[in-house]
Protein chains: 2
Amino acid sequence: MKATSFDIAHLAGVSQSTVSRALSNSTLVNEETRLRVQKIAKEMNYKVDKNASNLRKQRSSTIALLLFEDPSTDDSQINPFFISMLGSITKACSAAGFDLLVSFQNLQDDWHAEYEDSHKADGLILLGYGDYLDYQQKIQHLVQQKTHFVRWGAHDPNHPGISISCNNYQGGFAVTEHLIERGRTRFAFIGDAGSQAPEFMARFNGHIDALSKHNLDDAFMGQLDAIFTEEAGHESATLLFEEDGLPDAIVCASDLIAIGVLRAMRDQGLVCPTDIAVVGYDNIPVSEYTTPPMTTVQQNTKLAGEMLVSNLIKLINGEQVSDQLMPAELIIRSTS
Amino acid sequence: MKATSFDIAHLAGVSQSTVSRALSNSTLVNEETRLRVQKIAKEMNYKVDKNASNLRKQRSSTIALLLFEDPSTDDSQINPFFISMLGSITKACSAAGFDLLVSFQNLQDDWHAEYEDSHKADGLILLGYGDYLDYQQKIQHLVQQKTHFVRWGAHDPNHPGISISCNNYQGGFAVTEHLIERGRTRFAFIGDAGSQAPEFMARFNGHIDALSKHNLDDAFMGQLDAIFTEEAGHESATLLFEEDGLPDAIVCASDLIAIGVLRAMRDQGLVCPTDIAVVGYDNIPVSEYTTPPMTTVQQNTKLAGEMLVSNLIKLINGEQVSDQLMPAELIIRSTS
DNA sequence: CTGAAAGCGCTTACAG
DNA sequence: CTGAAAGCGCTTACAG
């Protein structure tokens, strides 16, 4: 049988209330008593029962991370960018004394609020690309239920709730200016740029505006759709080369797209960056090991994870929180 | 205020006990009553309080996943192989009605059993490479505490508890036979092969035995140490080329090592597979996109995740469970 | 500083 | 098939 606080109380010769206080480091309890109780608890391998404690406190000290994938992609292929955020989220949670519940969701799923309604979690972190329109309704529902949540993604006036993201516009702008400095004169952009992909759209807008700023509007060959995958990048680049002729710089909305573009270039015997410069976005671990190593834009995933967690905890504590926009950083390697 | 089962009972004109029964689909309750209660619960957005329910049932329907990283590696660099397992683990959990708590641990941490002792989880999944000797003591402790856990990794008589893994010996054997069939005659193996890395050692033993079987013992140039990273692979391959001369086939203990080897070859102007064939292990997502695409060995992460979860649940339910060894599959691409 | 008591919201034997 | 009651193991006002 697992020990309870009553057992510890008995062994320590104090009341159960005192045990509870001692183990929560209450200042109400005499230091000597506290130490003695803690020592016995440790010896007995006693741990406070979280279910009982949470039930009484009406708080779970747990955060639920809802990762939703684009349903169009393969099950096993999680966007590596989210993965790197997972590490910093778990660490930020444990530093703040919260446990982390992780769940993969389909946009179709009936996920809304389950966790918080059932008191398994005090709040939710929503992590995913995809068509925000699809789940706008669900977010609305979260707000109605007064669920605490933060969302990773572009600020959007149509979406209530707090969102935290990197400055995608600035990233797209910076990487384009970098290509301009390197003397590139014919640009193509590969990646969805519609309202269903607000991050990609912001990167695209930064791209366009950078060209504009340098009076290079005419240097823009066009934009081709692609979801964030290698396959999509390969397909779009192949199409581009066939139908529109060759640019001398391709700005990609994600690293995986850029990897697909590099493969399409290889297919055609094109050399990077001699023939065409290619830049990605995300700085996923692989981007360092492509041939040649890829120039890309880094989102600070460590900071992002920490912000997501700290802002959610503020929300849980009833504090005021506003949207956050973090700077993006250019990583120059050899594809540009 | 959040609704309780008493509120639902009041609205439905039944007792609270009946509400509880209706919502857990008990056959004890009249179908009509059950449906009515469920309808009202849904309308009121009522969810059973998990803390109360778990406390009463003495079961949390939650599994804790402890990912421990090799402390020698960078924080943000999680082994991609584990990542792909994370997806199938979360899915298997939710299919079985369990929630998943995720935590990153350092081998130094004082992690043992916390989750189960505090009733936050019914059992633990241990996922990590690294030196098993380091945490043998902790595993011993888990066993003493009668904690339910399954471990991903090679079976080891020194480690109590259930372990589940892929057949690393068979994988190393198969990939070596494949290289022999392709006519390779000078082999090197890159990857730690000591008892601190039992998976790598098993792959190495498979490699050696395959050579032996084909009377190619003399074709073995040697084994070089490397942890699972790209950098380690690059470093070892560079050393190999400098000091031992050129093999015509390199078997790597992980895909990341192989990626590092490819880079070292490029540094020296060596062409793969013309000069040297290179094979990896794990079939991580990137391996498909290296130049050239990599021949590797796949561990079935989907099945692995499912096995880990289903075996742990059996353990939780008091059923008998034994170690599992799953087959590895050769993925032939263009580096061999 | 300490203890006795109430109560968090459920599930489930017990009685009918 | 249904209800009244006990109790899971805590935390925290309340009283001293």
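Bear in mind the structure is a predicted one, so any value in this text is a computation, not a measurement.

Chemist: Give a detailed account of the environment of D217 of chain B, specifying residues and quantitative values.
Modeler: Residue and element names in this part refer to chain B. The topology assignment puts D217 in the loop between α9 (198-213) and β7 (220-224). Judged by its relative accessible area of 44%, D217 is partly exposed. Discounting residues that sit within four places of it in the chain, D217 has contacts with L211 and S212.

Chemist: Explain the nonpolar core to me, using residue names and the numbers behind them.
Modeler: Membership of the largest hydrophobic core comes to 92 residues, with the highest contact counts inside it found for F241, V261 and V278 of chain A together with F241, V261 and V278 of chain B. Here V261 of chain B is in contact with I190, G233, H234, A237, I250, C252 and V278 of chain B, once residues within four sequence places are set aside. Counting residues in each nonpolar core, the second largest holds 61 residues, with L100 and V150 of chain A together with F104 and I313 of chain B among its members.

Chemist: Quick rundown of the sheet that holds strand β7 (residues 220-224) of chain A? Include the residues and the values.
Modeler: Residues and elements named next belong to chain A. Read from one edge of the open sheet, four strands run β7-β6-β8-β9, paired in parallel fashion. With one partner strand each, in any of the chains shown, β7 and β9 (277-279) form the two edges of the open sheet. Neighbour to neighbour, the strand axes of the sheet diverge by 15° on average, direction disregarded. Inspection of the sheet shows strand β6 (residues 187-190) paired to β7 by four bridges, in the parallel sense. When the bridges of β7 are listed, F187 appears paired with F220. The strands touched by helix α10 (residues 230-244) within the sheet are β6, β7 and β8 (249-252), with β7 carrying the most contacts at an inclination of about 140°.

Chemist: Lay out the side chain of S236 of chain B with the relevant residues and their values.
Modeler: Among the secondary structure elements, S236 of chain B is positioned in helix α10 (residues 230-244). Of note is the side chain of S236 of chain B, whose polar atom sits 2.5 Å from the backbone oxygen of D225 of chain B.

Chemist: Go over the protein's contact with DNA strand D, please, and point to the residues and values.
Modeler: The environment of DNA strand D is formed by 26 residues, the closest being S5, Q16, S20 and R56 of chain A together with R21 of chain B. A share of 57% is what sugar and phosphate atoms reach among the atoms of DNA strand D within 4 Å of the protein. Between DNA strand D and S17 of chain B, the relevant distance is 3.1 Å, taken from a base nitrogen to a side-chain nitrogen or oxygen of the residue. Among the secondary structure elements, those contributing two or more residues to the surface near DNA strand D are α2 (16-23) and α4 (50-57) of chain A together with α2 (16-23) and α4 (50-57) of chain B. Take the surface near DNA strand D: its biggest share by element is five residues, from α4 of chain A. Class assignment for the residues of the surface near DNA strand D results in eight nonpolar, twelve polar and six charged.

Chemist: Now, about the relation of the copies chain B and chain A: what can you tell me, with residues and values included?
Modeler: Relative to chain A, chain B is turned by 180° and slid 0.0 Å along the rotation axis, the superposed coordinates differing by an RMSD of 0.1 Å. Each copy turns onto its partner about a two-fold axis. Looking at the interface residues of chain B, 100% of them are also at the interface in chain A, so both copies use one shared face.

Chemist: I'd like to hear about the pattern of salt bridges, residue by residue, with values.
Modeler: Residues and elements named next belong to chain A. If you walk through the whole model with that rule in mind, you get twelve salt bridges over all chains. Between E230 and R263 there is a salt bridge whose closest N-O contact spans 2.7 Å. You can see E230 sitting in helix α10 and its partner R263 sitting in helix α11 (residues 255-267), a full 33 residues away along the chain. The partly exposed category is assigned to R263, whose relative accessible area is 27%. As a salt-bridge pair, E306 and K302 come within 3.0 Å of each other at their nearest N and O atoms. Here E306 and its partner K302 are both found in helix α12 (residues 301-316), four residues apart, which amounts to about one turn of the helix.

What counts and what doesn't
Residues numbered from 1 in each chain as written. Chains lettered and ligands numbered in written order. Predicted model: local features only at pLDDT ≥ 70, side-chain atom pairs only at ≥ 80, totals over all residues. Heavy atoms only, no water. Helix = DSSP H or I, 4+ residues; strand = E, 2+ residues; numbered from the N terminus. Buried < 20%, exposed > 50% of the residue type's maximum accessible area, 1.4 Å probe, protein only. Contact = heavy atoms within 4.5 Å. Core = buried A, V, L, I, M, F, W, Y, C linked by side-chain atoms within 4.5 Å. Pairing = 2+ DSSP bridges. Axes fitted to C-alpha atoms, helices over the stretch in contact; angles between N-to-C directions. Polar contact = N/O pair within 3.5 Å; in protein donor to acceptor, adjacent residues only side chain to side chain. Near = heavy atom within 4 Å. Nonpolar A, V, L, I, M, F, W, Y, C, P; charged D, E, K, R; others polar. Least-squares fit on C-alpha atoms with pLDDT ≥ 70 in both. Salt bridge = Lys/Arg side-chain N within 4 Å of Asp/Glu carboxyl O.

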